[in-house]
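Notes for the structure review
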Amino acid sequence: MEIKISPSMLACDFANIQKELEKCEKGKADLIHLDVMDGHFVPNISFGAPVIAAMKKVCTVPFDVHLMMTNPLDYIQDFADAGADMITFHIECDSDTQQTIDKIVSLGVKAGLAVKPKTDIEAVYPYLDKLSMVLVMTVEPGFGGQSFMADMMPKVEKLRKKCPDLDIQVDGGINPQTVQTAGKAGANVIVAGSAVFKSDDPAATIKTLKENAVK
Ligand code: DX5
Ligand code: ZN
């Protein structure tokens, strides 16, 4: 499987977003991970479609939008218009899962479905045919900078066995060490916030994460 690195802008310097995006381009990031938090599905509030649209104007790397929202279906059009190349939402949200996937796909955007740590991976099985990616959260969603939950790896392994060609994303607590565990389990789309943006050389860290994912 191709390894794709998706730096999470949640950990970047918001006073210099354009420069931070340039670091990702320079580091050959495969995707840009954008964490949308609504203060309801998760306790935090981050940013929404207008901010993503502004970032899109200064970045050519595809946008991987992670919606931590109670009612994502109501906002899919906005995020598609903002330039999302992929939209991932949570199976635990209130919107109808199939309807939300169908809406995303109908707008020509790739659909991803995320599971929180306490949700069984089997929950995504009924939806796999239209999904481009499944996100296995490796922390409780809502905050950057938490510790990687290695006990989520059996979920990744199980899904990888079932779907050899599916993009499987991991998100939360990924660094040059934990990425090895995630890669061995079968994850190939790697989100990293703090590890990339709190490092002295984000571009070098992106490269290291990519190499270590297959170690
Ligand atoms: C957590 C977000 C993550 C977060 C990861 O709710 O979904 O994308 O930014 O941050 P790190 O890599 O710092 O754990
Ligand atoms: Zn995320």
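Residues numbered from 1 in each chain as written. Chains lettered and ligands numbered in written order. Predicted model: local features only at pLDDT ≥ 70, side-chain atom pairs only at ≥ 80, totals over all residues. Heavy atoms only, no water.

**Looking at unusual backbone geometry**
Using the following cut-off: Helix and strand labels come from DSSP, where a helix needs a run of H or I of at least four residues and a strand needs a run of E of at least two; each type is numbered from the N terminus.
Positive phi, close to 60 degrees, is recorded for lysine 28, a residue that is not glycine. Turning to its location among the elements, lysine 28 is positioned in the loop between helix 1 (17-26) and strand 2 (32-37).

**Thoughts on helix 1**
Operational definition: Between buried and exposed lies partly exposed: a residue is buried under 20% and exposed over 50% of the maximum accessible area for its type, with that area taken using a 1.4 Å probe on protein chains only. The directions from the helix axis to the C-beta atoms form the arc being described. Two residues qualify as a contact provided that any one of their heavy atoms is within 4.5 Å of a heavy atom in the partner residue.
Here helix 1 has its buried residues at Ile17, Glu20, Leu21 and Cys24. Angular distribution of buried residues about the axis of helix 1 spans 100 degrees; they occupy a single face of the element. In helix 1, the exposed residues that point more than 90 degrees away from the buried face are Lys19 and Lys26. Looking at the buried residues of helix 1, the elements they touch are strand 1 (4-7), strand 2, helix 2 (49-56), helix 7 (194-197) and helix 8 (202-212). Residue lysine 28 follows helix 1 closely and has a positive phi angle near 60 degrees.

**Concerning the state of the cysteines**
We count it as follows: Disulfides are defined as cysteine sulfur pairs within 2.5 Å.
Applying the stated criterion across every chain, the model contains zero disulfides. Of the cysteine sulfurs around cysteine 24, a residue in no disulfide, the closest is that of cysteine 59, at 7.2 Å.

**Here's the deal with the site of ligand 1**
Our working definition: Consider each residue's heavy atoms; a residue with any of them within 4 Å of a molecule or strand counts as near. We define a polar contact as two N or O atoms separated by no more than 3.5 Å, with the added condition that, inside protein, one atom must be a possible hydrogen donor and the other a possible acceptor, whereas residues neighbouring each other in sequence contribute only through side-chain atom pairs. All accessible areas in this document rest on Shrake-Rupley with a 1.4 Å probe, and a residue is counted as covered only by the protein chains that are shown.
In the vicinity of ligand 1 there are 20 residues, among which Asp35, Gly142, Asp171, Gly193 and Ser194 approach most closely. Measuring from an oxygen atom of ligand 1, one finds a backbone N or O atom of glycine 145 at 2.9 Å. Within the backbone of glycine 193, an N or O atom sits 2.8 Å from an oxygen atom of ligand 1. Against a free-state accessible area of 380 Å², the protein chains account for coverage of 99% of ligand 1. Put simply, the parts of the chain that give the shell around ligand 1 at least two residues each are strand 2, strand 3 (63-68) and strand 8 (189-192). Sorting elements by how many residues they give to the shell around ligand 1 places strand 2 first, with three residues.

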